[in-house]
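# Analysis of the macromolecular model
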Amino acid sequence: CSGDSADNSLSAAPEADNVHLAEGLRLVEIDLEREMFRTLHAHNCGRFGAKLIFTRDDPDHGFGMIDYMTCTGCLSHWVYKTYHEGKSEVVAGGRKYSRRDAPTMNMAVVEAFTDTGIWPTALYKAFAKCGCNEPALKCCKQMEWKDRSAVLKTGSECIAANRKEAVAASVEQIEFDDHDGHHSASVLTIAQDGTGPKRFYLCRCTGTGHMQVALCKETGQIIAIRCDQTSCVNCSRAWGKAVSEAKEKGVEISPGSVCVEHDGMCYATSVNSPSVAEEYAAEEIGKDLLTTPDGKVRSDDTAIFIGKGVSDGDSEGVKRASKAQENIIGESATAWQSFFQDWSHVKKNIGKVLFEAAKQLGYGGKRVGLTAQRIKAIEHDIEDCVRRYKGRALDPANVSESEKEGHVEVFMQELAAIIPHHCGDHEHCTLDMCKVMRLQRDNPDLTDDELEALYDASARFKGKILSVDDEGVSELTSFITSRITRKNADAVGAMESTGKIESSNAQSVSLTSGKRLNMTQTNAYIIVWNRVVGHQRMGPEFELVQMELLGVGNTPLRKKKLRELANRLSFDRKRKQTPLYSEKKKLSRIERLASEAERTKGKSSHRYRKDKDKSGGGAALSGKPRQIHCGACGQAGHRRTRCKSFPYSKNQKGEKLSGTGTSKKRKRSGGKPKKKIISIADVTQYEAAVYRMIENAK
């Protein structure tokens with residue numbers, strides 16, 4: 001705030017030394033703020049009848065504002081500005097320098113919204129609806145482009161640093177020669193996977209964008225990302241403009257007659273759709289890890305060779321990347337290359353087979369116990385067996401052939417004993433996999449009933465076993481042992497995981513408000529993944545670097561609010577790890593399933609399966625026949641047509657229960673059905689039947 005006289009300046013008021021003023025941003029109501037200025041200046045001026053008049057305001061500064069004030073008593077003029085000005089180190093796309101100083105609070109707000117996945121259009125709508133002063137939509141988009149430039153700069157630096165750390169973590173080097181001389185590259189285990197801004201369902205890859213991610217297993221960091229996109233906003237605008245001009249001139253439009261050349265960047269980086277882009281993108285990543293964009297081999301401290309390739313098995317991307325590197329190095333690279341499938345996907349595929357078995361053999365896992373929770377437990381048991389085998393036979397360097405053969409035998413025994421273990425048969429279980437065996441070893445004096453009670457108190461599913469007969473046990477076991485055999489035991493044990501890429505994909509979803517909308521036609525999706533790389537490598541420092549590049553200061557109020565946010569998130573994480581939270585979540589899920597089953601009962605249910613077995617469902621697996629119930633009295637053991645409490649009769653007018661005296665079909669002539677007079681004997685019989693129904697319900 002500045003005035004003509006230093007004595008009359010509001011900024012000249014003394015400040016108390018013991019008062020801590022928080023520096024940051026705050027929303028205020030304009031009329032209350034102006035009333036405060038009037039009160040303060042009336043006390044400072046002291047002239048009778050003096051008024052502070054707001055001559056005009058200048059709201060064209062985004063979230064900031066400038067007020068011009070004049071006092072009628074002392075004739076002082078005041079200018080009140082609510083923002084600081086500054087320049088950023090980065091500029092918007094297509095520009096070489098910043099034109100002028102701009103309010104830093106505008107950039108701070110736009111950067112915060114963009115980092116949380118809210119785009120400028122949504123920001124503009126939100127502040128417009130709440131009646132807050134805001135920048136124009138064009139200015140918001142320009143500031144968002146500045147933020148994108150800063151993210152690209154920081155993200156590329158993080159990827160370069162990740163590659164150097166990956167090379168430093170390597171223990172093997174491959175050497176080769178080409179026309180430029182002698183070279184060496186670090187041999188590493190690289191996992192690759194593809195994703196897209198539009199979710200893929202049932203192997204249906206749609207949309208216009210695809211992202212390929214490469215991760216180093218030695219360091220757990222992303223070392224390469226590549227985005228293939230078939231759409232471009234500038235191409236779309238040029239196409240629309242050319243079509244409009246052609247229509248005005250009366251020219252016939254055909255696919256090759258309209259020119260779509262345009263100025264600026266073209267965001268269509270590929271002609272490959274997401275359904276086939278993964279193989280081509282993986283091949284380009286393989287070249288990029290070994291060579292520079294101009295085709296020269298990278299220096300020894302940055303060149304990376306894919307020794308072990310890990311993929312989810314749904315494409316040949318990793319093999320194509322290795323083939324691209326083999327074409328650069330030569331045939332000697334073949335001896336270094338090996339390929340492994342992602343263990344998480346192998347485990348998921350086994351779970352899918354068990355789900356299909358639950359449908360085909362039992363129709364409704366609750367009847368045989370093969371529920372989703374049970375299948376997940378079986379998957380975890382298989383994973384534990386694989387980890388134990390890897391720790392015994394593959395990790396140690398001095399394991400002999402005879403010892404390894406024994407470990408393979410134990411591994412296959414444990415896999416074959418998983419399904420019987422869930423069915424309560426622990427004859428072939430080992431101590432490492434079975435809690436019952438360990439309890440028997442530690443408590444030899446306990447009886448079978450005491451041992452069973454001790455096991456049920458701490459076992460999964462509260463000791464409930466899987467109800468499957470011998471034929472079902474052998475069939476379910478074959479699903480596991482046919483996929484993990486003696487021949488591929490070492491390959492299964494050496495499998496790696498692409499789980500870190502999946503978690504990075506989830507982080508990219510969180511940075512787009514969980515929707516991944518508006519990711520096409522520009523470089524928005526590559527920006528999101530650069531932001532993911534920056535957050536993973538730098539943590540909270542990534543945002544500070546961004547703010548420094550954008551000319552935004554880290555205020556004390558922001559630090560305080562971030563500490564409060566971190567404490568809240570930490571509290572939520574600890575709360576979700578407590579047994580009480582797990583129990584509440586479990587009970588709420590059970591209640592939701594029960595209410596859903598209650599809602600879907602009756603003729604209006606849409607859950608009927610056309611392929612459902614009408615002969616009795618899972619009777620062959622469970623060994624228990626289906627029990628019938630009476631529709632009249634509710635008792636088990638007989639149907640409504642044989643009920644003694646409510647004798648059943650049938651006539652031409654419809655089905656009638658003689659005990660209740662009501663018919664199920666009305667006459668065509670309309671009106672209510674005639675009431676039947678019930679005798680004393682019928683009343684007594686009816687009351688007895690009702691009493692039995694109430695007792696059965698209890």
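Everything quoted here is computed from the prediction, not taken from an experiment.

Parameters and conventions
Residues numbered from 1 in each chain as written. Predicted model: local features only at pLDDT ≥ 70, side-chain atom pairs only at ≥ 80, totals over all residues. Heavy atoms only, no water. Helix = DSSP H or I, 4+ residues; strand = E, 2+ residues; numbered from the N terminus. Buried < 20%, exposed > 50% of the residue type's maximum accessible area, 1.4 Å probe, protein only. Contact = heavy atoms within 4.5 Å. Areas by Shrake-Rupley, 256 points an atom, 1.4 Å probe, with all protein chains shown as cover. Polar contact = N/O pair within 3.5 Å; in protein donor to acceptor, adjacent residues only side chain to side chain. Salt bridge = Lys/Arg side-chain N within 4 Å of Asp/Glu carboxyl O. Phe/Tyr/Trp six-rings, centres within 6.5 Å; stacked < 30°, edge-to-face > 60°. Lys NZ or Arg CZ within 6 Å of the ring centre and 35° of its normal. Lys, Arg positive; Asp, Glu negative; His and termini not counted.

### Structural notes on the overall build of the protein
For the protein, the helix and strand inventory stands at 23 helices and 15 strands. In the protein, which comprises 698 residues, the share counted as buried stands at 36%. Taking as baseline every contact in the protein between residues at least 6 positions apart, the subset at least 24 positions apart corresponds to 61%. Surface exposure of the protein reaches about 42600 Å², of which carbon and sulfur atoms provide 52%.

### Let's talk about the environment of serine 186
Position of serine 186 among the secondary structure elements: in strand S8 (residues 181–195). Taking the C-alpha atoms as reference points, serine 186 and glutamate 172, 14 residues apart in sequence, are found 6.1 Å from one another. Setting aside chain neighbours within four positions, we find serine 186 in contact with Val167, Ser170, Glu172, Gln173, Ala303, Ile304 and Phe305. A distance of 3.2 Å separates a polar atom in the side chain of serine 186 from a polar atom in the side chain of glutamine 173.

### A look at the pattern of salt bridges
Evaluated as defined, the whole model comprises 25 salt bridges. Residue aspartate 288 pairs with arginine 163 through a salt bridge whose shortest N-O separation is 2.4 Å. With aspartate 288 in helix H6 (residues 277–290) and arginine 163 in helix H4 (residues 137–169), this residue pair connects regions lying 125 residues apart in the sequence. By relative accessible area, aspartate 288 is classed as partly exposed at 28%. Among the ionic pairs, arginine 568 bridges to aspartate 572, the shortest N-O distance being 3.3 Å. In this pair, arginine 568 and aspartate 572 both sit in helix H20 (residues 556–576), four residues apart, roughly one turn of the helix.

### Describing the packing of aromatic side chains
Inspection of the entire model under this criterion finds five aromatic pairs. Measuring from ring centre to ring centre gives 4.9 Å for phenylalanine 63 and phenylalanine 127, while their planes differ by 65 degrees; the resulting arrangement is edge-to-face. Highlighted residues: phenylalanine 63 in the loop between strand S2 (52–61) and strand S3 (64–71) and phenylalanine 127 in helix H3 (residues 120–129), separated in sequence by 64 residues. Phenylalanine 63 gets classed as buried once you look at its relative accessible area, which sits at 12%. The exposure class assigned to phenylalanine 127 is buried, which follows from its relative accessible area of 12%. Note on phenylalanine 113 and phenylalanine 127: the rings are 5.8 Å apart at their centroids and 55 degrees apart in plane angle, and the pair reads as tilted. Residue phenylalanine 113 is located in helix H2 (residues 104–115), and its partner phenylalanine 127 is located in helix H3; the two are separated by 14 residues in the primary sequence. Ring pairing ties together the aromatic residues Phe63, Phe113 and Phe127, which thus form one cluster. When the ring centre of tyrosine 83 is taken as reference, the NZ or CZ atom of lysine 81 above it lies at 5.5 Å. Between arginine 320 and the ring centre of tyrosine 280, over which it is positioned, the NZ or CZ distance is 4.9 Å.

### Some remarks on the side chain of glutamate 326
With respect to the helices, strands and loops of the structure, glutamate 326 is situated in helix H7 (residues 317–329). In this structure glutamate 326 is buried but unpaired, with lysine 323 as the nearest side chain of opposite charge at 4.0 Å. Setting aside residues no more than four positions away along its own chain, glutamate 326 makes contact with Glu331, Ala333, Thr334 and Gln337.

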